[in-house]
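If you want the building blocks of each chain, they are given just below.
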Amino acid sequence: MLSVSAAANTVHQVRFNQPAKVLVWQAGEFVGEGAEISVLANRDEVHPILPGSGQLLTVGAGEPGPQSIEFSVASNSGFAIISDDPLFATRSQVRMIGVGANAAPAVTRTESSAGVIYRQASRTAQRPGAPETQALVFELSWTTETPPNLEVIALAR
């Protein structure tokens, strides 16, 4: 009987294919993670009137001025910021006001007729790091009376 010692080295690489998703923060608070995130999700929140509590009446101040929000987006794929009102793109302006330490913008041409306000061509992360450091910071302003219904949608990879 012959006995020989042997050694073998096998390296396995496992890659997890994650679906395209976005992470959104607004006013420093985490809003959500997924394929579609509503930026102004709580604007339709209605508080019930309690009996005997009275009611405040709104006082008009003339024409509404520009309104704005700031929000941050990190994504493992391209993404789009869209409005359900295709004309909203003509009454709004989006500005990138910040780029995380590990992020990079990749802006592509947008078609306002489809309600697209901003389109990012690829993921925001350029280097490993915490999601907040891989985010792009946006300021969206509009001149309409009511805020838009906005969604950040991950684009398929």
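Anyway, here's the lowdown on the structure attached to this text. (Residues numbered from 1 in each chain as written. Predicted model: local features only at pLDDT ≥ 70, side-chain atom pairs only at ≥ 80, totals over all residues. Heavy atoms only, no water.)

**So, a nonpolar patch on the surface**
Consideration 1: On the surface, Met 96, Val 99 and Val 107 cluster together into a nonpolar patch covering about 240 Å² of accessible area.
Consideration 2: Secondary-structure assignment places Met 96 in strand E6 (residues 92-99).
Consideration 3: Owing to a relative accessible area of 31%, Met 96 belongs among the partly exposed residues under this scheme. (Patch = residues over 30% accessible without salt bridge, like charges linked within 9 Å, V, L, I, M, F, W, Y side chains within 5 Å. Areas by Shrake-Rupley, 256 points an atom, 1.4 Å probe, with all protein chains shown as cover. Salt bridge = Lys/Arg side-chain N within 4 Å of Asp/Glu carboxyl O. Helix = DSSP H or I, 4+ residues; strand = E, 2+ residues; numbered from the N terminus. Buried < 20%, exposed > 50% of the residue type's maximum accessible area, 1.4 Å probe, protein only.)

**Focus: unusual backbone geometry**
Consideration 1: Not every positive phi belongs to a glycine, and Ala 27 is a case in point at roughly 55 degrees.
Consideration 2: Position of Ala 27 relative to the elements: it lies in the loop between strand E1 (22-26) and strand E2 (29-34).
Consideration 3: Under the relative-accessibility criterion, Ala 27 is labelled exposed at 72%.

**Description of the nonpolar core**
Consideration 1: Of all hydrophobic cores here, the largest spans 22 residues; its most connected members are Phe 71, Phe 79 and Val 152.
Consideration 2: Of all the secondary structure elements, the ones that give two or more residues to this core are E1, strand E4 (67-75), strand E5 (79-83), strand E7 (116-120), strand E8 (136-142) and strand E9 (150-154).
Consideration 3: Sorting elements by how many residues they give to this core places E8 first, with four residues.
Consideration 4: Those residues within four positions of Phe 71 in sequence are excluded, and the remaining contacts are Trp 25, Gln 26, Val 39, Ile 81, Leu 136, Val 137, Phe 138, Leu 140 and Val 152. (Core = buried A, V, L, I, M, F, W, Y, C linked by side-chain atoms within 4.5 Å. Contact = heavy atoms within 4.5 Å.)

**Side note on the environment of Gln 120**
Consideration 1: Tracing the backbone through its elements, the reader meets Gln 120 in strand E7.
Consideration 2: With 45 residues separating them in the primary sequence, Gln 120 and Ser 75 have C-alpha atoms 9.4 Å apart.
Consideration 3: In this structure Gln 120 touches Gly 78, Phe 79, Ala 104, Pro 105, Ala 106, Val 107, Leu 136 and Leu 155, once residues within four positions along its chain are discounted.
Consideration 4: Within the local environment of Gln 120, its side chain forms a polar contact with the backbone oxygen of Ala 104, the two atoms lying 3.3 Å apart. (Polar contact = N/O pair within 3.5 Å; in protein donor to acceptor, adjacent residues only side chain to side chain.)

**Here's the deal with the sheet that holds E2**
Consideration 1: What the five strands build is an open sheet, ordered E2-E1-E4-E8-E6; its pairing is antiparallel. Since the sheet does not close on itself, it has two edges, and those belong to E2 and E6, each with one partner. Neighbour to neighbour, the strand axes of the sheet diverge by 25 degrees on average, direction disregarded.
Consideration 2: Alignment of E4 against E8, held across seven bridges, turns out to be antiparallel. In the sheet register, Glu 70 faces E8, and the bridge partner there is Glu 139. (Pairing = 2+ DSSP bridges. Axes fitted to C-alpha atoms, helices over the stretch in contact; angles between N-to-C directions.)

**Thoughts on the packing of aromatic side chains**
Consideration 1: In this structure the tally under the stated criterion is five aromatic pairs.
Consideration 2: Here Phe 71 and Phe 138 contribute two aromatic rings whose centre-to-centre distance is 5.8 Å and whose plane-to-plane angle is 35 degrees, an arrangement assigned as tilted. Residue Phe 71 is found in strand E4, and its partner Phe 138 is found in strand E8; the two are separated by 67 residues along the sequence. Across this residue pair, the class does not change: Phe 71 and Phe 138 are buried.
Consideration 3: Each ring, one from Tyr 118 and one from Phe 138, has its centre 4.7 Å from the other, and the planes form 65 degrees; the classification is edge-to-face. Separated by 20 residues along the polypeptide, Tyr 118 in strand E7 and Phe 138 in strand E8 bring together distant segments of the chain. For the residue pair Tyr 118 and Phe 138, the accessibility class agrees, reading buried in each case.
Consideration 4: Connected via pairs of aromatic rings, a cluster forms that spans Phe 71, Phe 79, Tyr 118 and Phe 138. (Phe/Tyr/Trp six-rings, centres within 6.5 Å; stacked < 30°, edge-to-face > 60°.)

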